[in-house]
Structures are given as structure tokens and as C-alpha cells.
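# Structural description and commentary
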Amino acid sequence: MIIPQDQLAPETLTSLLEEFVSRDGTDYGEEEVTLDEKVEEVRAKLISGEAVILFSESTGQCNIVPKDKL
């Protein structure tokens, strides 16, 4: 199920974004990027509609995926 980012409390969304960008395997290349910069990059993609939040009712897990991968 797709969860609109504006239906989450701001602190919940920020926590979700921080968890997402700090997962193992999330790589931003050779240049150092701060946690805040990573969070804001993903937040901008959610706002623009390039990415969506998916919630799995069966597992109870959330993921953020590019919209074109649905």
C-alpha cells in the first residue's frame, strides 16, 4: 500500500527517512554526504512524486521506492 508522505506526522516521516538513508547498502558515492543532506534529498523526491512510501501489511515494513519501479 502506498502511504502519502503528507499523511505521516513530520517527526515520523523524518525518522523513516533517517532509517532509510542509513540502511546497509545505501551508497552515495565517493563524496561524503551528511545524514541531513541524504534525508532532504529523499524528502524532495517524495514531495516531487519521484518516489513513494510503500507499506507492507503482511510484514509491517516500510520502504521508499522510485515511482517508476512500481
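As a starting point, this report considers the structure included with it. (Residues numbered from 1 in each chain as written. Predicted model: local features only at pLDDT ≥ 70, side-chain atom pairs only at ≥ 80, totals over all residues. Heavy atoms only, no water.)

## Some details on the environment of L46
Its place among the elements puts L46 in helix α2 (residues 35-48). Considered as a pair, L46 and V65 are 19 residues apart in the sequence and their alpha carbons are 9.3 Å apart. Those residues in contact with L46 that lie beyond four places of it in its chain are Q5, L13, L17, A51, V52, I53 and I64. (Helix = DSSP H or I, 4+ residues; strand = E, 2+ residues; numbered from the N terminus. Contact = heavy atoms within 4.5 Å.)

## Quick look at helix α1 (residues 10-21)
Relative to the 16 Å expected for 12 residues at 1.5 Å per residue, α1 spans 17 Å between its end C-alpha atoms, a close match to the ideal helical length. Looking at α1, one finds that the buried residues are L13, L16, L17, F20 and V21. For α1, the angular spread of the buried residues around the axis is 120°, confining them to a single face. Buried residues belonging to α1 abut α2, β2 (51-56) and β3 (61-66). (Expected span 1.5 Å × (residues − 1). Buried < 20%, exposed > 50% of the residue type's maximum accessible area, 1.4 Å probe, protein only. Arc of directions from axis to C-beta.)

## What about the sheet that holds strand β1 (residues 2-3)?
On the basis of which strands lie adjacent, the open sheet formed by three strands has the order β1-β2-β3 and antiparallel pairing. Edge positions in the open sheet fall to β1 and β3, since each of these has one partner strand only. In this sheet, β2 lies alongside β1 in antiparallel orientation, the contact comprising two bridges. Counted as the bridge partner of I2 is L54 from β2. α2 contacts β2 and β3 of the sheet and is inclined by roughly 90° relative to β2. (Pairing = 2+ DSSP bridges. Axes fitted to C-alpha atoms, helices over the stretch in contact; angles between N-to-C directions.)

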